[in-house]
Number of protein chains: 4
Amino acid sequence: MPDEPYVHHLAIRYLEVDQQGVVFNMWYLAYLDDAMTGFLRHHGLAYQAMTDAGFDVQLVHTELDWSGSLGWGSDANVAVWLERVGRSSFTLRFDVRDAEQVVVTAKTVYVCVRTDGSGSCEIPPLVLAGLGAPAG
Amino acid sequence: MPDEPYVHHLAIRYLEVDQQGVVFNMWYLAYLDDAMTGFLRHHGLAYQAMTDAGFDVQLVHTELDWSGSLGWGSDANVAVWLERVGRSSFTLRFDVRDAEQVVVTAKTVYVCVRTDGSGSCEIPPLVLAGLGAPAG
Amino acid sequence: MPDEPYVHHLAIRYLEVDQQGVVFNMWYLAYLDDAMTGFLRHHGLAYQAMTDAGFDVQLVHTELDWSGSLGWGSDANVAVWLERVGRSSFTLRFDVRDAEQVVVTAKTVYVCVRTDGSGSCEIPPLVLAGLGAPAG
Amino acid sequence: MPDEPYVHHLAIRYLEVDQQGVVFNMWYLAYLDDAMTGFLRHHGLAYQAMTDAGFDVQLVHTELDWSGSLGWGSDANVAVWLERVGRSSFTLRFDVRDAEQVVVTAKTVYVCVRTDGSGSCEIPPLVLAGLGAPAG
């Protein structure tokens, strides 16, 4: 991707750190969700505007690889890239970093759905724009 | 109250324990919510049946006092009593215990509301029964 | 207190909003914890510096009153005041607001403890400073 | 694997269900962690006994695939299998099911570490037993 990635700042909560002194694994999915929303907004798409327009996104696959950990007070952020856009799904790639290095890499596949319950649909121009994707 | 309290068993998650080695305070509100639902069910009222009937409960006040703490693997439970029933609200009292002693006492006031958005309402017989309360 | 309260901005997560479309009650305790940490830092006390100096704070009482709710995307914040300073404990007061009004008021009592496990102690000058309190 | 999988019952909390009426994705990692602990215990290894013996496990990879969702009150469980045992790591496979079908499949790789901070180590007999694995 030629563009700079969107970088989402993380404010790690005390409660997210477990007895081992590191952020418990599940909170990374909270971070990715926040970062995804920020990524869309960065490209001009408020999540609410997407659902108001009758579209939403659903997670169908996620994978995370840990090479390090975060602690409370870590100066951490998540860089987000669009890795792939298909007809009805897209893939985001995430690098979670502390001040010095990447501690988690992740990849998430979202399917675009209609909010009327009719299921998956072709990604509409509104959402493509929010992904910073080249139009069709 | 003459009756034995309802006792809700707690399965404490690893992730609920913080760097100090004790359950982080917010999770007690998760425990109380679980215990409240169990309390209603114990008296024959499934939460879903309540909302299907057009009623729900909203928290308007809660207070907690800590005299101890819980750790991962604690053999813990929550005893629940009905403390008060008013016209549109009721108060539950909770004792969170580990194997040996009470570690948190709590009190929560719920208001009965209609699910149609019309606001608070008189507690209906269905919910009174779920509280194990003497009929009006 | 003559001073302006410290105001902590809230970034509400999608996952904190429940089926009723409002922030589930327990997350308010996460918000208060974040706000408390920010309050200390606002007065020059990093939490880490406090524990490095051998002191910590423990929650012994909290109470919350709801008069409204927050939704995802709410422009919300928490104002924090010091309500009382005793010999070994202090009380913070919190107003959680959305763009228009206070939705939750809360009060929390913390006891100052030594990190060596010896229990509660007189609030040291370091922590008093972090509270913005008049020196003993 | 010839053995029956270990099945861990899930008690889904009201707070885990989001505005879309389904369990928010991050809670599945909480479920897997609970199920992993139950899996070890099922094979006679209490987590505490493992750490007391100087060993712990760290997540290095996880992946989840959603084909459905869970709601509050779902009669759900997680089946756990040992998929692979290496020298210092092992892989568990999870099927999260509601009453009728598998809604999420997941796979998680754990590395065995020493609690003294010296890093990864060969999986000791104690942990092999907890995995129900054939002795080396």
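Presented here is a report on the structure given in the accompanying data block.

## Points about the overall build of chain A
Looking only at helices and strands, chain A features 3 helices and 6 strands. Ordered by position from N to C terminus, the α and β elements of chain A give β-α-α-β-β-β-β-β-α. Expected size for 136 residues packed as a compact globule is a radius of gyration near 14 Å; at 16 Å, chain A falls within 12% of this value. Going through the 136 residues of chain A one by one, you find that 54% of them count as buried. Here the contacts in chain A between residues at least 6 apart in sequence split such that 63% fall between residues at least 24 apart. For chain A, the centre of its 8 positive side-chain charges and the centre of its 17 negative side-chain charges are spaced 6 Å apart.

## Quick look at the interface of chain D and chain A
Each partner contributes to the interface: chain D provides 18 residues, whereas chain A provides 18 residues. Of the roughly 1,700 Å² buried between chain D and chain A on both sides combined, carbon and sulfur atoms contribute 57%. Broken down residue by residue, the surface that chain D buries against chain A is led by D:Met26, D:Leu29 and D:Trp66, which jointly contribute 29%. Counting the contacts that link chain D with chain A gives 0 salt bridges. Summed over the shared surface of chain D and chain A, the result is 10 residue pairs in polar contact (both at pLDDT 80 or more). Among the secondary structure elements, those contributing two or more residues to the side of chain D that touches chain A are helix H1 (27-42) and strand S2 (55-66) of chain D. Of the residues forming the side of chain D that touches chain A, the biggest block, 10 residues, is contributed by S2(D). Its residues placed into classes, the side of chain D that touches chain A shows 10 nonpolar, 4 polar and 4 charged. Bridge analysis of strand S2 (residues 55-66) of chain A against S2(D) gives 5 bridges, and the strand direction is antiparallel. Bridge pairing in S2(D) places A:Glu63 opposite D:Glu63.

## Let's talk about H1(D)
Residue and element names in this part refer to chain D. Helix length check: H1 (16 residues) gives 22 Å between terminal C-alpha atoms against 22 Å at 1.5 Å per residue, within 8%. Of all the 16 residues making up H1, 14 are buried; the element is thus mostly covered by neighbouring parts of the structure. Looking one or two places after H1, you find Gly 44, whose phi comes out positive at around 90 degrees.

## Observations concerning the relation of the copies chain B and chain A
Rotating chain B by 180 degrees and moving it 0.0 Å along the rotation axis overlays it on chain A with an RMSD of 0.0 Å. The relationship between the two copies is best expressed as a two-fold rotation axis. In this assembly the copies share their binding face: 100% of the residues contributing to the interface of chain B also contribute to that of chain A.

## Describing the relation of the copies chain D and chain A
Two chain copies here: they are related by a rotation about an axis and a translation along the same axis. Once chain D is rotated about the relating axis by 180 degrees and shifted along it by 0.0 Å, it coincides with chain A to within an RMSD of 0.0 Å. Residue by residue, 100% of the interface of chain D is reproduced at the interface of chain A, so both copies engage with the same surface.

## Brief notes about the interface of chain B and chain A
Listed as interface residues are 11 residues of chain B and, on the opposing side, 11 residues of chain A. Together chain B and chain A conceal approximately 1,100 Å² of surface at their shared face, both sides included; 65% is due to carbon and sulfur atoms. A per-residue breakdown of the area chain B buries against chain A is headed by B:Tyr14, B:Leu15 and B:Gln19, which together make up 57% of the total. The interface formed by chain B and chain A holds 0 salt bridges in total. Considered class by class, the residues forming the side of chain B that touches chain A number 7 nonpolar, 3 polar and 1 charged.

The rules behind each value
Residues numbered from 1 in each chain as written. Chains lettered and ligands numbered in written order. Predicted model: local features only at pLDDT ≥ 70, side-chain atom pairs only at ≥ 80, totals over all residues. Heavy atoms only, no water. Helix = DSSP H or I, 4+ residues; strand = E, 2+ residues; numbered from the N terminus. Rg over C-alpha atoms; globule rule 2.2 N^0.38 Å. Buried < 20%, exposed > 50% of the residue type's maximum accessible area, 1.4 Å probe, protein only. Contact = heavy atoms within 4.5 Å. Lys, Arg positive; Asp, Glu negative; His and termini not counted. Charge placed at Lys NZ, Arg CZ, Asp CG, Glu CD. Buried area = accessible area lost by both parts, 1.4 Å probe. Salt bridge = Lys/Arg side-chain N within 4 Å of Asp/Glu carboxyl O. Polar contact = N/O pair within 3.5 Å; in protein donor to acceptor, adjacent residues only side chain to side chain. Nonpolar A, V, L, I, M, F, W, Y, C, P; charged D, E, K, R; others polar. Pairing = 2+ DSSP bridges. Expected span 1.5 Å × (residues − 1). Least-squares fit on C-alpha atoms with pLDDT ≥ 70 in both.

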